[in-house]
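A closer look at the structure
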Amino acid sequence: MTVPRISPSFPSRLPNVGTTVFTVMSALAAEHQAINLGQGFPDFPCDRKLISSVNDAMLADRNQYPPMIGIAELRYGISEKIKSLYGHYYDPESEITITAGGTQGILTTILACVSPSDEVIIIEPAFDSYQPSIEMAGGKTIAVSLEVRRDANGQVASYEIPWDALAAAINSKTRLLMINSPHNPTGMVWQKADLEHLAQLVKNTSTLILSDEVYEHMVYDGAAHHSVASHPELATRSFLISSFGKTYHVTGWKVGYVAAPLALTKEFRKVHQFNVFTINTPMQYGLASYLADASHYLNLPAFYQAKRDFFRAGLEKTLFKLLPTPGTYFQCADYSALNITQAKLNEADFCKWLTTEVGVAAIPVSAFYDHPTESGVIRFCFAKQEQTLATALQRLQSL
Ligand code: GLN
């Protein structure tokens, strides 16, 4: 019997969206056996102690549904951690919810508070899930670009927060303003004065803040991470989103959390319960016991700073121009001065060429913009073993 072929036709919910660049570049890297410095994830194992904690939970038969909002042990641990690091107390019962990673926390936040025709401000370059998430909620994205500072040769030297453009973009329709520090992809880190500036901008408005802080423990050179939780005024109107994947080298576990004041969390949970309902039980127990030892995340800046410095030192021997990396595990580099014809390629084509012909995958920064933008800048992830970075550097130094 032949089965009739059905080709359903319906309007796309995301007509302008393809497959996320991280998936595309990881597939290309695998196909060409390139060193994958594209998608951000470590190539080294997580602590065996963390795995044992999860195993223990499974063997202790903690395998049924946890509470919808996440297990108490983990929520209380997060509350204590935020209080000790940033000085703000979130009630673990009514203000902290465990999510399936940062991305689900972001989508659920947007679905919970953005209504059709509400405006949401994002600051580009922005993580590629932001804009489609706003679109799925029926909101209108207002994209404001980071100011690009160039050096005397016209190469990108740094990115700055576009305060004037932000002030001009905020109006009575602005439901949400999304910020991200440490910033993916540029590595830029917000300062205390920046939070104060933001607080002044949103004062007397009904604008809420979504603060994506998944790289909170990757801030270098002795500097501190400035969370929205550390600013009393901003904390009252913010959804603080973080994740365990980056901090504990377990990006595949997809466990994160959203901390927000009672009224915001109430709406968040209404959506969360019918989105994923809850997050897998044993990993929550494993993370809860591991979280109790602060040394793991307190040691992270030194651990990644060594990798950053190693990678930068190797790239200094090339014609790539390095952007500052005060935070994250990403190194951005301007390739426009490389002495090869491919230096004229656009960022996406340059990354494809680098992956297939040079054997090093990277991410075009243009993928973080909704409108076509070419700055000649690409992003490398340095969350890799020294040997991986060394081999990648050898290849890059041949350019
Ligand atoms: N956050 C990771 C990055 O920027 C990727 C996450 C993903 O692949 N969705 O590379």
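Now for a quick tour of the structure. Because the structure is predicted, anything quoted here is derived from the model rather than measured.

1. Brief notes about the overall build of the protein chain
- When helices and strands are counted, the protein chain shows 15 helices and 15 strands.
- Referenced to the eigenvectors of the C-alpha coordinate spread, the extents of the protein chain come out at roughly 70 × 60 × 50 Å.
- For the protein chain, with 399 residues in total, the buried portion stands at 56%.
- For the protein chain, restricting intrachain contacts to residue pairs at least 6 apart in sequence, the fraction spanning at least 24 positions comes to 74%.
- Surface exposure of the protein chain reaches about 17,200 Å², of which carbon and sulfur atoms provide 54%.
- In the protein chain, which carries 31 positive and 37 negative side-chain charges, the distance between the mean positions of the two groups comes to 2 Å.

2. Points about the environment of threonine 247
- Along the polypeptide, threonine 247 turns up in helix H9 (residues 244-247).
- For threonine 247, a relative accessible area of 5% corresponds to the buried category.
- Not counting residues within four places of it along the chain, the set of residues in contact with threonine 247 comprises His217, Tyr297 and Leu300.

3. Here's the deal with empty space enclosed by the protein
- By the definition in use, this model includes two cavities of 30 Å³ or more.
- In this structure, the largest cavity occupies an estimated 100 Å³ of space.
- In terms of lining, the largest cavity is formed by 13 residues, of which the most central are Ile123, Met178, Ile179, Asn180 and His183.
- It is strand S7 (residues 174-180) that provides the largest number of residues to the lining of the largest cavity, a total of three residues.
- Counted by class, the lining of the largest cavity contains eleven nonpolar, two polar and no charged residues.
- Of the pockets and cavities examined, the second largest cavity occupies roughly 40 Å³.
- In terms of lining, the second largest cavity is formed by Ile179, Ser181, Trp190, Leu195, Ser211, Glu213 and His226.
- Here the residues of the lining of the second largest cavity sort into three nonpolar, three polar and one charged.

4. Description of the site of the ligand
- In the region of the ligand, the neighbouring residues are Phe22, Gln39, Gly40, Phe127, Asn184, Tyr215, Lys246, Phe330 and Arg379.
- Within the side chain of tyrosine 215, a nitrogen or oxygen atom sits 3.5 Å from a nitrogen atom of the ligand.
- In the complex, 80% of the free accessible area of the ligand, which totals 300 Å², lies under the protein chains.

5. Considerations on the packing of aromatic side chains
- In the structure shown here, the tally under the stated rule is 19 aromatic pairs.
- Ring centres of tryptophan 163 and tryptophan 190 lie 5.6 Å apart, and the angle between their planes is 75 degrees; this geometry places the pair in the edge-to-face category. Here tryptophan 190 lies in the loop between S7 and helix H7 (192-202) and tryptophan 163 lies in helix H6 (residues 163-169), a separation of 27 residues in the sequence. For the pair formed by tryptophan 163 and tryptophan 190, the shared burial category is buried.
- The ring of tyrosine 285 has arginine 62 lying over it, and the distance from NZ or CZ to the ring centre is 4.2 Å.
- Between lysine 81 and the ring centre of tyrosine 297, over which it is positioned, the NZ or CZ distance is 4.7 Å.

6. Re the packing of helix H13 (residues 300-315) against helix H15 (residues 386-397)
- One can describe the packing of H13 onto H15 by two numbers: an axis separation of 9 Å at closest approach and a directional angle of 15 degrees. When the axis of H13 is compared with that of H15, the two are roughly parallel. Between H13 and H15 lies a crossing of right-handed hand. On the side of H13, the interface is formed by Lys307, Phe310, Phe311, Gly314 and Leu315, while H15 contributes Glu386, Leu389, Ala390, Leu393, Leu396 and Gln397.
- Partitioned by chemical class, the residues of the contact of H13 with H15 number seven nonpolar, two polar and two charged.

7. Structural notes on unusual backbone geometry
- The omega angle of the peptide bond from glutamate 124 to proline 125 is 0 degrees, so this bond is cis rather than trans.
- Here proline 125 lies in the loop between strand S3 (119-124) and helix H5 (130-136).
- Residues asparagine 184 and proline 185 are joined by a peptide bond in cis, for which omega reads 15 degrees.
- Within the element layout of this structure, proline 185 appears in the loop between S7 and H7.

8. Thoughts on the pairing of strand S6 (residues 156-160)
- By the bridge criterion, four bridges tie strand S5 (residues 147-150) to S6 in an arrangement that is antiparallel. Note that in S6 the partner of arginine 150 across the bridge is valine 156.
- Hairpin connection between S5 and S6: a loop of five residues separates the two successive antiparallel strands, and glycine 154 in this loop has a positive phi of roughly 85 degrees.

9. Some details on the sheet that holds strand S4 (residues 140-145)
- The seven strands lie next to each other as S2-S10-S9-S8-S7-S3-S4, forming an open sheet whose pairing is mixed. At either end of the open sheet lies a strand with only one pairing partner, and these are strand S2 (96-99) and S4. On average, adjacent strands in this sheet sit at an angle of 20 degrees to one another, irrespective of strand direction.
- With three bridges joining them, S3 and S7 adopt parallel strand pairing.

10. So, the pattern of salt bridges
- What the rule picks out here adds up to eleven salt bridges.
- Notably, a salt bridge pairs aspartate 118 with arginine 175, separated by 3.2 Å at the nearest N-O pair. With a gap of 57 residues between them, aspartate 118 in the loop between helix H4 (101-113) and S3 and arginine 175 in strand S7 connect regions that are remote in the sequence.
- Arginine 308 is the salt-bridge partner of aspartate 221, the closest N and O atoms lying 2.8 Å from each other. Residue aspartate 221 is located in the loop between strand S8 (208-212) and helix H8 (232-235), and its partner arginine 308 is located in helix H13; the two are separated by 87 residues in the primary sequence.
- Residue class for aspartate 221 comes out exposed when judged on its relative accessible area of 52%.

What counts and how
Residues numbered from 1 in each chain as written. Predicted model: local features only at pLDDT ≥ 70, side-chain atom pairs only at ≥ 80, totals over all residues. Heavy atoms only, no water. Helix = DSSP H or I, 4+ residues; strand = E, 2+ residues; numbered from the N terminus. Buried < 20%, exposed > 50% of the residue type's maximum accessible area, 1.4 Å probe, protein only. Contact = heavy atoms within 4.5 Å. Areas by Shrake-Rupley, 256 points an atom, 1.4 Å probe, with all protein chains shown as cover. Lys, Arg positive; Asp, Glu negative; His and termini not counted. Charge placed at Lys NZ, Arg CZ, Asp CG, Glu CD. 1 Å grid on protein atoms, 1.4 Å probe; cavity = no way out; pocket = protein on both sides within 12 Å on 5 of 7 lines; lining within 4 Å. Points joined across faces, edges and corners; volume = space filled by probe spheres on them. Nonpolar A, V, L, I, M, F, W, Y, C, P; charged D, E, K, R; others polar. Near = heavy atom within 4 Å. Polar contact = N/O pair within 3.5 Å; in protein donor to acceptor, adjacent residues only side chain to side chain. Phe/Tyr/Trp six-rings, centres within 6.5 Å; stacked < 30°, edge-to-face > 60°. Lys NZ or Arg CZ within 6 Å of the ring centre and 35° of its normal. Axes fitted to C-alpha atoms, helices over the stretch in contact; angles between N-to-C directions. Parallel < 35°, antiparallel > 145°, perpendicular 65-115°, else oblique. Left-handed = near helix turned anticlockwise from the far one by under 90°. Pairing = 2+ DSSP bridges. Salt bridge = Lys/Arg side-chain N within 4 Å of Asp/Glu carboxyl O.

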